Amino acid sequence: ATIGIAGKTRGTVALVFPTSTAIRIVNRLLSTELKVVDDSVSDGVGELVNIVAGSAKAELSADLDEPLSLSLPTVVRGSEFELSQPSNCRWLDVPFTTEFGPFILKVVLSSDSGK
């Protein structure tokens, strides 16, 4: 799942889950027993990236004189994907291991230092 941040600081926040981790986390969030990835799992993963990016937005906006905005989350299913960024930026990958399984938080940010 990815979500964009726009304003003086801009970039992308992404959460990358193995299928089993996504299902287990969403089952806990929704108090369900889903067995396969369906629209509920996709919506849950989209909401998770929205929560994470919203927290980042609040922290980043605290030092700025204008608010940042978030795009709508995008959820990609499957293992064959590539996240691209501007050539002068690099993804920061932060791996996590939880009771639900592993996942990766990916972040790329750049500042508009000209303003």
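As a reminder, the structure under discussion sits directly above these lines.
Given the structure is predicted, the values throughout are model-derived calculations rather than measurements. The numbers attached to residues start from 1 for each chain and follow its sequence in the written order. Reporting of local features is limited, given that this is a predicted model, to residues whose pLDDT is at least 70; pairs of side-chain atoms are given and counted only at 80 or more, and all residues count toward the totals for whole chains, interfaces and linings. Computation of side-chain values covers all heavy atoms of the structure but excludes hydrogens and water.

Any Phe, Tyr or Trp ring, taking Trp's six-membered ring, that has another such ring centre within 6.5 Å forms a pair; planes under 30 degrees apart are called stacked, those over 60 apart edge-to-face, and the others tilted. The tally for this structure, following the rule as stated, stands at two aromatic pairs. Seen in terms of ring centroids, Phe96 and Phe103 are 5.0 Å apart; in terms of plane orientation they differ by 15°. Their pairing is stacked. Aromatic rings pair up to connect Phe17, Phe96 and Phe103 into one cluster.

With that settled, consider the nonpolar core. Val13, Leu15, Phe17, Val41, Val45 and Val49 are the most contacted members of the largest nonpolar core, which has 20 residues in total. No other element matches the five residues that helix H2 (residues 39–61) contributes to this core. Contacts are residue-level and defined by heavy atoms, with any inter-residue pair within 4.5 Å sufficient. Aside from chain neighbours lying at most four places away, what touches Val13 is Ala1, Thr2, Ile3, Ile5, Val49, Val52, Ala53, Leu105 and Lys106. Only buried Ala, Val, Leu, Ile, Met, Phe, Trp, Tyr and Cys residues count toward a nonpolar core, and they belong to the same one when joined by side-chain atoms within 4.5 Å. Buried residues are those whose accessible area, probed at 1.4 Å on protein chains only, stays under 20% of the maximum for their type, while exposed residues exceed 50% and partly exposed ones sit between those limits. For the purposes of this entry, the term helix denotes a DSSP run of H or I that reaches at least four residues, the term strand denotes a run of E that reaches at least two, and both are numbered from the N terminus.

Another point: the sheet that holds strand S1 (residues 2–6). Paired through their backbone hydrogen bonds, the strands of a sheet run either parallel or antiparallel. Should DSSP find at least two bridges between two strands, the strands are regarded as paired. Reading across the sheet, the five strands line up as S3-S1-S2-S5-S4 and stay open at both edges, with antiparallel pairing between neighbours. Looking at the sheet topology across the chains shown, the edges are occupied by strand S3 (69–70) and strand S4 (92–98). Where S4 meets strand S5 (residues 101–111), seven bridges bridge the pair, whose relative direction is antiparallel. Among the inter-strand pairings, Thr97 is bridged to a residue of S5, identified as Pro102. The axes used here are C-alpha line fits, helices contributing only the stretch in contact, and every angle between their N-to-C directions lies in the interval 0 to 180 degrees. Sheet contacts for H2: S1, strand S2 (9–16), S3 and S5; angle to S2, the most-contacted strand, approximately 150°.

Let's shift gears to the pattern of salt bridges. Note on definitions: salt bridges are taken to be side-chain nitrogens of Lys or Arg within 4 Å of carboxyl oxygens of Asp or Glu. Applying the stated criterion across every chain yields a total of three salt bridges. Note that Arg77 and Asp39 form a salt bridge whose closest N and O atoms lie 3.2 Å from each other. Taken together, the positions of Arg77 in the loop between S3 and S4 and Asp39 in helix H2 put the pair 38 residues apart, joining distant regions of the chain. Classification of Arg77 by relative accessible area gives partly exposed; the value is 47%. When its relative accessible area of 58% is taken as the criterion, Asp39 is described as exposed. A salt bridge links Asp93 to Lys106, with the shortest nitrogen-to-oxygen separation between them at 3.0 Å. Here Lys106 lies in strand S5 and Asp93 lies in strand S4, a separation of 13 residues in the sequence.

Looking now at unusual backbone geometry. Positive phi values are uncommon outside glycine, yet Ser31 reaches one of about 55°. Within the secondary structure, Ser31 is located in the loop between helix H1 (19–30) and H2. The class of Ser31 is exposed, set by a relative accessible area of 68%.

Taking 1.5 Å as the rise per residue, H2 with 23 residues should run 33 Å; its terminal C-alpha atoms sit 32 Å apart, in good agreement. Taken together, the buried positions of H2 are Val41, Ser42, Gly44, Val45, Gly46, Leu48, Val49, Ala53 and Ser61. Of the surrounding elements, those touching the buried residues of H2 are S1, S2, H1 and S3. Of the residues that open H2, the one with a side-chain oxygen 3.0 Å from the backbone nitrogen of Ser40 is Asp38. Expected span of a helix, by definition, is 1.5 Å for each gap between consecutive residues, and there is one gap fewer than residues. Each polar contact in these results corresponds to two N or O atoms within 3.5 Å; when the atoms are within protein, one needs to be able to donate a hydrogen and the other to accept it, and residues that are neighboring in sequence are counted only if both atoms are side-chain atoms.

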